[in-house]
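The primary structure of each chain is shown beneath.
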Amino acid sequence: MKGDKKMDVELILKVCGVATVITFVSSLLSKAGKDEQSTMVSLLGVVLVLIILAEKIGVLVNTLREVFGI
Amino acid sequence: MTVLRVCGGALLAAIVGFVLSELGFRGKRAVSAVVLVIFSLTFVDLLGDTVAKISNVSITDEGKEALGAALKIVGVGHAFSISADICSELSEGGIATALLLVGKLEILLMILPTVINLIEYSASLFT
């Protein structure tokens, strides 16, 4: 593929890393009998990912607007 | 951007998604949605180069207007398609189906004036 357009692989790595860490921490807390804290950590992870998702959707919408003049 | 970079990103996301679903991470679909949005962004960026080249083709003013309308229709189609894919990824199949329906209707409404002009022109050929 030509062009100097870069795919944001770093962001994919970041999101996957955050999700993996959150999952491990949540599992550890759950195994230690701290279910409430485990749930809160899981929810925190979900919220973080959703924030990143919302930001990227905004960028996507602006790019579509610029490219196609919608 | 290289082919390997894109393929590597996709494979990495798929493997991590599998691991997260096995470990029971609740936000696994959100992670997949983020990856889908990043790929859609890359796709639209690539398409942007092609659209720019097509827009710079030297043709008449009417031709440019028609080309602009055609590109807008392509953009609307892609916008609805990508949005429906993201909704499906987040397990909202109903919203995705409704989006696709609205998208088809929108495109139909956009091409309606052109179709009417075509019918009128065809009718004028026979009268």
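Scroll up to find the structure.
This is a predicted model, so every value here is computed, not measured. (Residues numbered from 1 in each chain as written. Chains lettered and ligands numbered in written order. Predicted model: local features only at pLDDT ≥ 70, side-chain atom pairs only at ≥ 80, totals over all residues. Heavy atoms only, no water.)

Asker: What should I look at first to understand the packing of helix α1 (residues 9-31) of chain A against helix α2 (residues 28-55) of chain B in this one?
Answerer: To describe two helices that pack against each other, one gives the angle between their axes and the distance between the axes. As a packed pair, α1 of chain A and α2 of chain B sit with axes 10 Å apart at the nearest point and diverge in direction by 180°. Taken as axis vectors, α1 of chain A and α2 of chain B run roughly antiparallel relative to one another. Taking contact as the criterion, the partners of L11, I12, V15, C16 and A19 of chain A in α1 of chain A are, on α2 of chain B, V31, V34, V35, I38 and F39 of chain B. (Axes fitted to C-alpha atoms, helices over the stretch in contact; angles between N-to-C directions. Helix = DSSP H or I, 4+ residues; strand = E, 2+ residues; numbered from the N terminus. Parallel < 35°, antiparallel > 145°, perpendicular 65-115°, else oblique. Contact = heavy atoms within 4.5 Å.)

Asker: Explanation requested: the side chain of S26 of chain A in the structure shown.
Answerer: Residue and element names in this part refer to chain A. When you line up the elements, S26 lands in helix α1. Here S42 takes part through its side chain, which lies 2.9 Å from a polar atom of the side chain of S26. For S26, the contacting residues outside a window of four places in its chain are S38, V41 and S42. (Polar contact = N/O pair within 3.5 Å; in protein donor to acceptor, adjacent residues only side chain to side chain.)

Asker: Whenever I open this one, the environment of K56 of chain A confuses me. Can you help?
Answerer: Looking at the element boundaries, K56 of chain A is found in helix α2 (residues 35-68). Here the alpha-carbon distance between K56 of chain A and L11 of chain A, two residues 45 residues apart in the chain, equals 10 Å.

Asker: Mind showing me how you'd approach unusual backbone geometry here?
Answerer: Outside of glycine, negative phi angles account for most residues, and trans bonds account for most peptide bonds. Unusually for a residue other than glycine, S91 of chain B sits at a positive phi of about 65°. S91 of chain B sits in the partly exposed class, given a relative accessible area of 42%. (Buried < 20%, exposed > 50% of the residue type's maximum accessible area, 1.4 Å probe, protein only.)

Asker: Can you help me understand the interface of chain B and chain A in this one?
Answerer: The parts lose accessible area when they come together, and the size of an interface is often stated as this lost area. Taken together, the 41 residues of chain B in the interface contact 39 residues of chain A. Both sides together, the interface formed by chain B and chain A hides about 3600 Å², and carbon and sulfur atoms give 81% of it. Our enumeration of links across chain B and chain A arrives at 1 salt bridge. For R5 of chain B, the salt bridge identified is with E10 of chain A, shortest N-O distance 3.6 Å. For the pair chain B and chain A, the number of links is 0 residue pairs in polar contact (both at pLDDT 80 or more). In terms of residue count, α2 of chain B provides more of the side of chain B that touches chain A than any other element does, 18 residues in total. Its residues assigned to classes, the side of chain B that touches chain A comprises 29 nonpolar, 7 polar and 5 charged. (Buried area = accessible area lost by both parts, 1.4 Å probe. Salt bridge = Lys/Arg side-chain N within 4 Å of Asp/Glu carboxyl O. Nonpolar A, V, L, I, M, F, W, Y, C, P; charged D, E, K, R; others polar.)

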